[in-house]
Amino acid sequence: MATTVFTSVETHGENQNTKTLPINLPLDFSSIQSLPESHAWPESNNDDQIENNNDGSSSLALPIIDLNDPNAMEQIGHACEEWGAFQLKNHGIPKSVIEELEMQTKRLFDLPKEQKMKALRTPDYPTGYGTFWMTPLFQQHMWQEGFTIFGSSEDDAKKIWPHDYQSFCDATKKFQDESKVLVEKLIHLSFKYLGISEEEEENWIGPKNHAGAIQLNSYPICPKPENAMGITPHTDTSTFTLLHQSQISGLQIFEDGSGWLTVPLVPNTVVINTGDVLHILSNARFKSALHRVTVNSIKHRYSMVYFYKPIMDHVISPLVSNNAHDDPRFRALTYKEYADIKGKNFNKALSFISVKQD
Ligand SMILES: O=C(O)CCC(=O)C(=O)O
Ligand SMILES: [Fe+2]
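Along every chain, residues carry numbers that run from 1 in the direction the sequence is written. Think of it this way: whatever chain is written first is A, whatever ligand is written first is 1, and the rest follow in order. In view of the model being predicted, local features appear only for residues whose pLDDT reaches at least 70, and side-chain atom pairs are presented and counted only at 80 or more, with totals across whole chains, interfaces and linings using the full set of residues.

K.L.:
Hey, could you run me through the overall build of the chain in this one?
P.N.:
The numbering of helices and of strands both runs from the N terminus, where a helix is a DSSP run of H or I of at least 4 residues and a strand a run of E of at least 2. Each helix and strand in the chain was counted, giving nine helices and 16 strands. For the chain, the proportion of its 358 residues judged to be buried stands at 39%. Residues are defined as contacting one another if the C-beta atoms placed from their backbone atoms lie within 7 Å. For the chain, the share of sequence-separated contacts (at least 6 apart) that also reach a separation of at least 24 residues comes to 69%. Exposure classes come from backbone-placed C-beta atoms, where a residue is buried if 20 or more other C-beta atoms lie within 10 Å of its own, exposed if 12 or fewer do, and partly exposed in between.

K.L.:
Explain the nonpolar core here, please?
P.N.:
Across soluble globular proteins, nonpolar side chains show a tendency to be buried alongside one another. Of all hydrophobic cores here, the largest spans 71 residues; its most connected members are A85, F86, F240, L242, I253 and I272. The element best represented in this core is helix α5 (residues 166-194), accounting for eight residues. With residues up to four places along the chain from it excluded, the contact list for L242 reads S179, L182, V183, V270, I272 and Y306. Core membership is restricted to buried Ala, Val, Leu, Ile, Met, Phe, Trp, Tyr and Cys residues, and these are joined into a nonpolar core through C-beta atoms within 7 Å.

K.L.:
Hey, could you run me through the environment of N347 in this one?
P.N.:
Tracing the chain through its elements places N347 in the loop between α8 (335-345) and α9 (349-352). In sequence terms N347 and P233 are 114 residues apart; their C-alpha atoms lie 8.5 Å from each other. For N347, the contacting residues outside a window of four places in its chain are H234 and T235.

K.L.:
Teacher, can you tell me more about the sheet that holds strand β13 (residues 291-293) here?
P.N.:
Neighbouring strands of a sheet are bound in pairs by backbone hydrogen bonds; such pairs are parallel or else antiparallel. Note: two strands are recorded as paired if DSSP finds a minimum of 2 bridges between them. Read from one edge to the other, the open sheet built from four strands follows the order β8-β13-β10-β11, with strand pairing classed as antiparallel. In the strand order of this sheet, the two ends are held by β8 (231-234) and β11 (259-262), each with one partner. Averaged over all pairs of adjacent strands, the angle between strand axes in this sheet comes to 25 degrees, irrespective of strand direction. In the sheet, strand β10 (residues 251-255) pairs with β13 via three bridges, with the strands oriented antiparallel. Paired with L251 across the strands is V293, a residue of β13. In this description, a line fitted to the C-alpha atoms serves as the axis of each element, helices being fitted only across the stretch in contact, and the angle between N-to-C directions of two axes falls anywhere from 0 to 180 degrees.

K.L.:
Explain the UniProt feature "domain: Fe2OG dioxygenase" (unreviewed entry) in the chain to me, please; I cannot follow it from the model alone.
P.N.:
With numbering aligned to this structure, UniProt lists the feature "domain: Fe2OG dioxygenase" (unreviewed entry) at residues 207-310. The span residues 207-310 is 6% helix and 47% strand, and its two end C-alpha atoms sit 10 Å from each other. UniProt positions are given in the numbering used here, feature names are shortened, and annotations may be inferred rather than shown by experiment.

K.L.:
Would you mind going over the packing of helix α1 (residues 72-82) against α5 with me for this structure?
P.N.:
How two helices sit against one another is set out by the angle between their axes and by the gap between those axes. The N-to-C vectors of α1 and α5 enclose an angle of 80 degrees; their axes lie 9 Å apart at closest approach. Considering the angle they form, α1 stands roughly perpendicular to α5. Within the contact between the two elements, α1 uses A72, M73, E74, I76, G77 and C80 and α5 uses L186, L189, S190, K192 and Y193. When residues are sorted by character, Ala, Val, Leu, Ile, Met, Phe, Trp, Tyr, Cys and Pro go into the nonpolar class, Asp, Glu, Lys and Arg into the charged class, and all the rest, Gly among them, into the polar class. When grouped by side-chain class, the residues that make up the contact of α1 with α5 number seven nonpolar, two polar and two charged. Geometric relationships in this document are graded by angle, where less than 35 degrees denotes roughly parallel, more than 145 denotes roughly antiparallel, 65 to 115 denotes roughly perpendicular, and other angles denote oblique.

K.L.:
Hey, could you run me through unusual backbone geometry in this one?
P.N.:
Backbone geometry follows two general trends: most residues other than glycine have a negative phi, and most peptide bonds adopt the trans configuration. The residue Q247 is not glycine, and still its phi comes out positive at about 85 degrees. Among the residues examined, Q247 registers 16 C-beta atoms within 10 Å and is labelled partly exposed. Positive phi outside glycine occurs at F346, with the angle close to 50 degrees. A residue is classified by how many C-beta atoms lie within 10 Å of it, and F346, with 15 of them, is partly exposed.

K.L.:
Looking at this model, I keep getting lost on the sheet that holds strand β4 (residues 85-89). Mind explaining?
P.N.:
Reading across from one edge, β3-β4-β12-β9-β14-β7-β6-β5 is the order of the eight strands in this open sheet, with mixed pairing throughout. The two strands at the open ends of the sheet, each matched to only one other strand, are β3 (64-66) and β5 (128-130). Taken over all neighbouring pairs, the strand axes of this sheet differ in orientation by 25 degrees on average, direction set aside. Pairing analysis gives ten bridges linking strand β7 (residues 210-219) to strand β14 (residues 301-310), with the strands arranged antiparallel. Counted as the bridge partner of A211 is K309 from β14. Running over the sheet, α1 touches β3, β4 and β12 (269-274) and is turned about 155 degrees from β3.

K.L.:
Got a minute to help me understand α5 in this structure?
P.N.:
By definition here, a helix of n residues has an expected span of 1.5 Å times n minus one. End to end, α5 covers 41 Å across 29 residues, agreeing with the expected 42 Å (1.5 Å per residue, within 8%). Once α5 ends, the next one or two residues include G195, with phi positive near 80 degrees.

K.L.:
Is there a simple way to think about the pairing of β4 in this case?
P.N.:
The side chains of a regular strand alternate between both faces of the sheet. Within β4, four of the five residues are buried, which leaves it mostly tucked inside the rest of the structure. As paired strands, β3 and β4 are joined by three bridges and run parallel to one another. Within β4, the residue paired with D66 across the bridge is K89. When the strands point away from the viewer and the connection leading from the first strand across the helix to the second strand turns clockwise, the crossover is called right-handed. Crossover β3 to β4 through α1 is right-handed. Inspection of the sheet shows β4 paired to β12 by five bridges, in the antiparallel sense.

K.L.:
Looking at this model, I keep getting lost on α8. Mind explaining?
P.N.:
Turn by turn, an α-helix covers 3.6 residues, leaving residues three or four places apart pointing in a common direction. Residues Y335, Y338 and K342 constitute the buried set of α8. The arc enclosing the buried residues of α8, seen along the axis, measures out at 60 degrees, which places them on a common side. One or two residues past the end of α8 sits F346, with phi positive at roughly 50 degrees. This arc describes the spread of directions from the helix axis toward the C-beta atoms.

K.L.:
When you look at the site of ligand 1 in this model, what are you seeing that I'm missing?
P.N.:
Near, as applied to residues and a molecule or strand, means the residue's backbone-placed C-beta atom lies within 6 Å of it. All residues adjacent to ligand 1 are Q215, N217, I231, D236, L243, Q245, G250, L251, H291, V293, S303 and V305. Among the secondary structure elements, those contributing two or more residues to the shell around ligand 1 are β7, β9 (240-246), β13 and β14.

What follows is the structure, encoded as structure tokens:
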């Protein structure tokens, strides 16, 4: 279903007619000098921010967990319960793999718009270049452009670089392979923490049960960041999400009762967050982290994200009950059904599948 948003846009671009900006089409950010109306959000991004101390530290901070720590399992479990997120060091993904993907991500987004458009995502063709998947649910556009990969990136990369696509494909494949190994370790530790048997764990890992996707994001320098939105608040639909942010921070996680916490750039760590699937499997014991992205007027920001999620016909339902009186809080459904509910109802999706507690 191709939707077109008609907005009156103030632009200083020479060739850009953003009056009819299709919903899947990012702006040509290189030609924009002021924030177009189509990208101006009424609410300020400065609401409920957790302020840093004078030395830049914050009284609240996302846990930094060392995967080699003998207590890593408990720390991961606690972080998933309290935040639905943590930063992980000694994660095992070689630095060179992250650096190579970072280089290829910049190479991609720094191309002229016409070239990126050759791999434009459409409703019938869900991989390649385009806006954030939830853009159709909002009046305004986000200050973001993305590139989505399911499995191999070869078909899309060939459209952009007919003769020079291999290095991009190698970088996305290596990141995908390494991320998968790490996330499967995290599933093992978090299932053990939740008391889920190894037999059951077998149903949630491996190529027969799980699929991976990569999302590359670019947030160009913004002329009026306080009125723009990198990515609007959301939870991920995944089991676990792994993220590397490059150049400058911008990811924020919501802590109930406190507000939005900026996730700092900590060298040699990756950000891990739990998604809706693990929230459901854990019977709401693990949070699905509500997060958003702010933009800035100083540096172009990039992020590289890996989503680990069940295959479409996998049935998801709570695997644990937190105590003898705690009935399942969600009904059983296939991952495809849930993804469809999420696509239509966005942040209310979990409440659509909630089972009323007495
Ligand atoms: O860019 C980021 O830091 C977050 C991106 C994100 O939330 C997503 O791709 O789902
Ligand atoms: Fe996300």
